[in-house]
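Here are the chains, one letter per residue:
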Amino acid sequence: MTNPSDALAETQVPFIAHTVRRDYLFEDSRQLLAKVFPEWNADELAFKECKDGITNNLVQCTNRRTDLTVLIRAYGNHTEVIIDRSQELTNMKRLADLGMCPPLYARFNNGLVYGFIPGTVATPEEMGNDEWAPLIARQLAVWSQVSVPGDRQLGLFSSLRQWLSDVPQDYANARANRIFHAHFSAAMLAQELQELERMLGTVDSPVVFAHNDLLSGNIVMSEARDRVSFIDYEYAMYNYRGFDIANHFNEYAGFECDYSRYPSKERQLRWFKAYLTQLQQDASAEALELMYAEVQVFRLASHYYWGVWGLVQASISEIDFDYMDYARMRFDEYFRIKQQLFG
């Protein structure tokens, strides 16, 4: 059943009956923009494919006459299985109203047209440095205070259960199928989710509006280098504060999963202090230690979340990325951290 706030968001964003095909990204995007911006001339437009993401196909278009840049995002194959597109639209509409994300110009059959945030995109190696880390901490604190219309219940476990139901018994790709059966089973995944829910239930972590996907490619430094913005709101939902922070720290590892880059306790405490100070909350040494303990447990939730995501994507995505091996690496780290924390 569609949430009324989701339906309202959809009616407020113009819809264009047009499809952007993966094999014809520029051609189809040019035709789409002629409908969204009829005053634009085709010979004024410059297109560039953005290849950093592993969920969707993204095209950047700049009108050389007006100097306006927009993004055309064509959803990845069957990603509605893992992403609530109506909720995403609600998220973007609310964030745009608050000046926290660029404007939405149009919806089309398989995607969105929206504004571009100029600036420098982070790299995994620099997210934790003394320039980026405090800006990210303060911005995530601001995000935690956002109120989005609709269901404000914790969304983590309902999402995971839905994803688990979409993990196939076998994979068409022979290599992926071998890796899956060597490392995973439906019974193991279900048992770990049950244990994870029990473990997280022992942790005092507030439920806030969370981004849930703060990897380096989703963080943009302003041209003045005095603030950061977050982009891509597909996975944003109400979730544990500890998940959003632990997930961000896990992303220091990048897609290659180099967890030697995970921040030290000292760096985490400095990050927590910037976060709590932004909210004018207790940032005493005791409060920082409590937050440290909270976030450690949620490292597990982040690895499980993206591990299962990888298992689903391995069966549906057409993007050139080894989702199965990524899932394996995330679960390897999940079990290593679980042993470290709980023996």
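Since the model is a prediction, treat every value here as computed from it, not as a measurement. Numbers given to residues run from 1 along each chain, matching the order in which its sequence is written. Totals for whole chains, interfaces and linings use every residue, but because this is a predicted model, local features are given only for residues with pLDDT of at least 70 and side-chain atom pairs only at 80 or more, for both listing and counting. Side-chain metrics in this entry use all non-hydrogen atoms of the structure; hydrogen atoms and water are not considered.

I'd like a rundown of the pattern of salt bridges, residues and numbers included.
Here, a salt bridge means any Lys or Arg side-chain nitrogen found within 4 Å of an Asp or Glu carboxyl oxygen. Applying the stated criterion across every chain, the model contains 24 salt bridges. Residue D97 pairs with K93 through a salt bridge whose shortest N-O separation is 3.1 Å. Of this pair, D97 and K93 both sit in helix α3 (residues 85-97), four residues apart, which is roughly one turn of that helix. By relative accessible area, K93 is classed as partly exposed at 22%. Residues D322 and R175 are paired through a salt bridge, measuring 2.8 Å at the closest nitrogen-oxygen approach. With a gap of 147 residues between them, D322 in the loop between α10 (285-316) and α11 (323-342) and R175 in helix α6 (residues 174-183) connect regions that are remote in the sequence. For the exposure calls, accessible area comes from a 1.4 Å probe over protein chains only, and a residue counts as buried if that area is under 20% of its type's maximum, exposed if over 50%, partly exposed in between. For D322, a relative accessible area of 33% translates into the label partly exposed. Among the charged side chains, a salt-bridge network with shared partners connects R73, R85, E88 and E234. Numbering of helices and strands runs from the N terminus; a helix is a DSSP stretch of H or I covering at least four residues, while a strand is a stretch of E covering at least two.

Explain the sheet that holds strand β7 (residues 120-121) to me, and be specific about the residues and the numbers.
Strands sit in the order β7-β9-β10 across an open sheet of three strands; the sheet is antiparallel. Only two strands of the sheet have a single neighbouring strand rather than two, namely β7 and β10 (228-230). What makes two strands pair is DSSP finding at least two bridges between them. Judged from the two bridges that link them, β7 and strand β9 (residues 219-221) form a sheet pairing that is antiparallel. Its bridge partner lying in β9, T120 is registered against M221. Of the strands in this sheet, β7, β9 and β10 are in contact with helix α4 (residues 132-144), which crosses β10 at around 50 degrees. Two residues qualify as a contact provided that any one of their heavy atoms is within 4.5 Å of a heavy atom in the partner residue. Where helices are involved, their axes are fitted lines through C-alpha atoms of the stretch in contact, as for all axes, and angles between N-to-C directions lie from 0 to 180°.

Account for the packing of aromatic side chains, naming residues and giving values.
Stacked, tilted and edge-to-face pairs are distinguished by plane angle, under 30 degrees for stacked and over 60 for edge-to-face with tilted covering the rest, among Phe, Tyr and Trp rings (Trp via its six-membered ring) whose centres lie within 6.5 Å. Counting across every chain of the model gives 34 aromatic pairs. Ring geometry for F37 against W40: centres 4.2 Å apart, planes inclined by 15 degrees, an arrangement best described as stacked. This pair shows no difference in class: F37 is buried, exactly as W40 is. In textbook terms, an aromatic cluster arises when at least three aromatic residues are bridged by ring pairs, as seen for W163, Y235, F243, F255, Y305, W306, W309, F321, Y323 and Y326. Counted as over-ring charges are cases with an Arg CZ or a Lys NZ within 6 Å of the ring centre that also lie within 35 degrees of the ring normal. One Lys or Arg, R21, reaches over the ring of Y24 and ends 4.3 Å from the middle of that ring. Stacked on the ring of Y75, the Lys or Arg R85 has its end atom at 3.6 Å from the ring centre.

So what's going on with empty space enclosed by the protein? Which residues, and what values?
The method works on a 1 Å grid over the protein atoms by themselves. A cavity is a set of points holding a 1.4 Å probe that cannot get out, a pocket is an open set with protein on both sides within 12 Å along at least five of seven lines, and residues with an atom within 4 Å of a point line them. Grid points are joined across faces, edges and corners, and a volume is the space filled by probe spheres set on the points. One pass over the full model with this rule turns up one cavity of 30 Å³ or more. Within this model, the largest cavity holds a volume of roughly 40 Å³. Forming the walls of the largest cavity are L140, W143, S144, V208, F209, A210, R241, D244, I245 and Y275. Those elements giving two or more residues to the lining of the largest cavity turn out to be α4, β8 (207-210) and α8 (241-250). Polarity classes work like this: nonpolar for Ala, Val, Leu, Ile, Met, Phe, Trp, Tyr, Cys and Pro, charged for Asp, Glu, Lys and Arg, and polar for all others, with Gly in that last group. For the lining of the largest cavity, the per-class residue count stands at seven nonpolar, one polar and two charged.

Can you break down the packing of α4 against helix α9 (residues 265-278) residue by residue, with the values?
Put simply, α4 and α9 touch, their axes get as near as 8 Å, and they point 40 degrees apart. As summarised for this structure, α4 and α9 are arranged oblique, according to the angle between their axes. Of the two possible hands of crossing, α4 and α9 adopt the one that is right-handed. Contacts from A133, P134, I136, A137, R138, L140, A141, V142 and S144 in α4 reach W271, A274, Y275 and Q278 in α9. Classifying every residue of the contact of α4 with α9 gives ten nonpolar, two polar and one charged. Oblique is the label for every angle not falling under 35 degrees (roughly parallel), over 145 degrees (roughly antiparallel), or within 65 to 115 degrees (roughly perpendicular). In this scheme the crossing of two helices becomes right-handed for a clockwise turn of the near helix relative to the far one and left-handed for an anticlockwise turn of less than a right angle.

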